[in-house]
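What the coordinates show
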Amino acid sequence: MSKIQAFTTTEPIQVDQAASFVSSSGYGAINLFTGTVRNAHNNRQVEGITYDGHRVLADKTLQGIAAEAYDSWPEISIYLSHFIGRLNVGEISVIIAIGSPHREPSFAACRFIIEQLKLRAPIWKREHYVDGSSEWLPGHSLNK
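What counts as what
- Position numbers for residues start from 1 in each chain and track the written sequence from start to end.
- Where totals are concerned, whole chains, interfaces and linings use all residues; where local detail is concerned, this predicted model gives features only for residues with pLDDT of at least 70, and gives and counts side-chain atom pairs only at 80 or more.
- Computation of side-chain values: all heavy atoms of the structure, hydrogens and water removed.
- We treat two strands as partners when DSSP finds at least two bridges between them.
- A run of H or I in DSSP becomes a helix once it reaches four residues, and a run of E becomes a strand once it reaches two; helices and strands are each numbered from the N terminus.
- The convention used is that axes are lines fitted to C-alpha atoms, helices contributing only their stretch in contact, and that angles between N-to-C directions extend from 0 to 180 degrees.
- Whether two residues touch is decided by their heavy atoms; if any such pair falls within 4.5 Å, the residues are in contact.
- Accessible area is worked out with a 1.4 Å probe on protein chains only. A residue is then buried under 20% of its type maximum, exposed over 50%, and partly exposed in between.

This part takes up the sheet that holds strand β2 (residues 29–36). Taking strand neighbours across the sheet as the criterion, the four strands line up as β1-β5-β7-β2 in an open arrangement whose pairing is mixed. What marks the edges here is a single partner per strand, and that holds for β1 (4–9) and β2. Between one strand and the next, the sheet's axes are offset by a mean angle of 5°, whatever the strand orientation. Sheet topology note: the β2/strand β7 (residues 92–100) ladder contains eight bridges and is antiparallel. The partner of T34 across the bridge, within β7, is I95. The strands touched by helix α2 (residues 55–72) are β1 and β5 (77–83); relative to β1, the strand with the most contacts, the crossing angle is about 155°.

Put into structure tokens, the structure is as follows:
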């Protein structure tokens, strides 16, 4: 059984699917992180976000980040998925699920993955505001 699943998706992210993938009778910890679209950013009311990215490269990047986490914490299982497309406020854009025998590796791996994803994944977001305007948000340099 593979211990890593990492991919982009255009389908709604399923929390149950992520939790099921990292569940094991040998694990005492399952850590779930979901990133959701919030209703405000920089004093502007947000109604949604469009995530865009080069899916082949993004999948490869997510898989590489997950593999690095697994190399650091080989006792864990990892499920990582990022949505590509349009989401409304409250919908899930990213999920990270970590199954682990103990809580510390699950928290450490989860933090590592989300920080690396924000720095390295070729995924961009365009915020849509309630006034009808929208703008691409500045991302992180891929050279970091």
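Quick look at the side chain of Q116 now. Note that Q116 resides in helix α3 (residues 103–120). For Q116, a relative accessible area of 18% translates into the label buried. Non-local contacts of Q116, meaning those with residues more than four positions away in its chain, are made with I65 and A121.

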